[in-house]
Amino acid sequence: MQTIVQKIDRAQIDAAAMEEAGRILRSGGLVAFPTETVYGLGGDALDESAARRIYAAKGRPSDNPLIVHIADMEHLAEIVTEIPEAARKLAEAFWPGPLTMIFQKSDRVPYGTTGGLDTVAVRMPSDPIALELIRRGGGYVAAPSANTSGRPSPTTAQHVYEDLQGRIPMILDGGAVQIGLESTIVDLTEEVPTVLRPGYISMEMLQAVLGEVRMDRGLIADDSNVRPKAPGMKYRHYAPQADLKIVEGPQEQVISYINEKTAGEKQVGIICTEETKARYPRGDVKCVGSRKDELSIANHLFAILREFDADGVEEIYSESFEAPGLGQAIMNRLLKAAGHQVITL
Ligand code: AMP
Ligand code: MG
């Protein structure tokens, strides 16, 4: 299969190209498209065969459910049995935007889309290209991140092409995404709304709207018997080919520890920040962004993990980032990429 990469200008969306993409979705095919979080791999959420194609193209385990993307609030009631008051408040505050909510699913949503679960994850993205595609594609687009399962999520159309060329008919190229980390997931089927995956919409932002909000125990527990409730969170993810370790502690100690690691023969990668990059004289030094601007770190993290694969380093050491706010989501992705290997000084 030939993969067409179609450039789309957000300021002047090409109606004919979007109609072609919509037609592919309506006939059960797949289209990769930009959202404000990461690039998604879209298929018709109400068509079980489209879901199967998504799992096959990504090599994703089929027990890992897909997020259903909608463009209009009226469409929500069609795919869920009930819209809790908390969901209305969150939608009012954060939709369209980088927030996914879990509901009880209605019969219209096939189990193929939800990985066999009775619940469904729903998001209304804010990217105008995504909204246009969803509307032209029939209103309900199931879309996981458009990467090969296990690789870092794609933040450019080029990343999608690297992973999925020849496996899907079309990629809509809207340039680099705005945020760079996947959506926050909140489960509203629990008594207390529970964060299953941290993202740009932070715990503090959710609490400001809802009051009490919890973090899924599976995300914070050291005990590996406590499983995360979002099935996808249990998989090793974002993992670069080289062994990645996070180094935390007082800044000067972190810098000297990492510099010792680059003294030998090994090809060593370093993930650092604007504030510290001049302090690493050796190694494959990559600056992920500035600590004063956490969004810059979110923007570059996945791209940098991919670059290390291309460079072929043998080991990678990363500085550590702090919660709260976006730091929590950044650390969550970095810990997964590192298989939770942390060196505390
Ligand atoms: P991705 O599509 O790559 O952003 O991953 C979607 C994430 O949402 C995965 O971690 C899934 O396990 C999670 N997810 C999707 N649907 C549900 C659901 N019904 N309940 C819990 N987690 C879900
Ligand atoms: Mg993903």
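Further up the page is the structure itself.
Quick summary incoming for the structure in this document. What you see is a predicted model, and the numbers here were worked out from it, not measured in a lab.

**What to know about empty space enclosed by the protein**
- Evaluated as defined, the whole model comprises one cavity of 30 Å³ or more.
- One number sums up the size of the largest cavity: a volume of about 50 Å³.
- Looking at the largest cavity, the residues that line it are Val-195, Pro-198, Gly-199, Ile-201, Ser-202, Met-203, Met-215, Gly-325, Gln-328 and Ala-329.

**With respect to the packing of helix 11 (residues 294-311) against helix 12 (residues 326-337)**
- The interhelical angle for the contact between helix 11 and helix 12, taken along N-to-C directions, is 15°, at an axis separation of 9 Å. With respect to their mutual orientation, helix 11 and helix 12 come out roughly parallel. For the crossing formed where helix 11 meets helix 12, the hand is left-handed. The segment helix 11 lies against helix 12, with Glu-294, Leu-295, Ile-297, Ala-298, Leu-301, Phe-302 and Leu-305 engaging Leu-326, Gly-327, Ile-330, Arg-333, Leu-334 and Ala-337.
- In terms of residue class, the contact of helix 11 with helix 12 is built from 10 nonpolar, one polar and two charged.

**Observations concerning the pattern of salt bridges**
- Tallied over the entire structure, the rule returns 27 salt bridges.
- The residue Glu-20 makes a salt bridge to Arg-23 at a minimum N-O spacing of 3.0 Å. Of this pair, Glu-20 and Arg-23 both sit in helix 1 (residues 15-26), three residues apart, roughly one helical turn.
- We classify Arg-23 as partly exposed; its relative accessible area is 41%.

**Some details on the site of ligand 1**
- Lining the immediate surroundings of ligand 1 are 20 residues, of which Asn-64, Thr-119, Pro-144, Arg-197 and Gly-232 lie closest.
- Measuring from an oxygen atom of ligand 1, one finds a side-chain N or O atom of Arg-197 at 3.0 Å.
- Compared with its free state, where it exposes 500 Å², ligand 1 has 96% of that area covered by protein.
- The dominant element in the shell around ligand 1, judged by the number of residues it contributes, is strand 6 (residues 119-123), at three residues.
- Among the residues forming the shell around ligand 1, the class breakdown is 13 nonpolar, four polar and three charged.

**Notes on the environment of Val-213**
- Within the secondary structure, Val-213 is located in the loop between helix 8 (203-210) and strand 11 (214-215).
- Among the residues examined, Val-213 registers a relative accessible area of 6% and is labelled buried.
- With 150 residues separating them along the chain, Val-213 and Asp-63 place their C-alpha atoms 26 Å apart.
- Those residues in contact with Val-213 that lie beyond four places of it in its chain are Val-192, Pro-193, Val-195, Met-203, Leu-206 and Gln-207.

**A word on the sheet that holds strand 4 (residues 67-69)**
- Within the open sheet, the 11 strands sit side by side as 1-8-2-3-7-4-6-5-9-10-11. Their pairing is mixed. Sheet topology places strand 1 (4-7) and strand 11 at the edges, where each strand pairs with a single neighbour.
- Bridge analysis of strand 9 (residues 184-187) against strand 10 (residues 194-197) gives three bridges, and the strand direction is antiparallel. Note that in strand 10 the partner of Val-186 across the bridge is Val-195.
- Most of the contacts of helix 2 (residues 48-58) go to strand 3 (residues 40-44), to which it runs at about 155°, and overall it touches strand 3 and strand 7 (141-142).
- Relative to the sheet, helix 4 (residues 85-94) contacts strand 5 (99-104) and strand 9, its axis offset from that of strand 5 by approximately 160°.

Criteria and thresholds
Residues numbered from 1 in each chain as written. Chains lettered and ligands numbered in written order. Predicted model: local features only at pLDDT ≥ 70, side-chain atom pairs only at ≥ 80, totals over all residues. Heavy atoms only, no water. 1 Å grid on protein atoms, 1.4 Å probe; cavity = no way out; pocket = protein on both sides within 12 Å on 5 of 7 lines; lining within 4 Å. Points joined across faces, edges and corners; volume = space filled by probe spheres on them. Axes fitted to C-alpha atoms, helices over the stretch in contact; angles between N-to-C directions. Helix = DSSP H or I, 4+ residues; strand = E, 2+ residues; numbered from the N terminus. Parallel < 35°, antiparallel > 145°, perpendicular 65-115°, else oblique. Left-handed = near helix turned anticlockwise from the far one by under 90°. Contact = heavy atoms within 4.5 Å. Nonpolar A, V, L, I, M, F, W, Y, C, P; charged D, E, K, R; others polar. Salt bridge = Lys/Arg side-chain N within 4 Å of Asp/Glu carboxyl O. Buried < 20%, exposed > 50% of the residue type's maximum accessible area, 1.4 Å probe, protein only. Near = heavy atom within 4 Å. Polar contact = N/O pair within 3.5 Å; in protein donor to acceptor, adjacent residues only side chain to side chain. Areas by Shrake-Rupley, 256 points an atom, 1.4 Å probe, with all protein chains shown as cover. Pairing = 2+ DSSP bridges.

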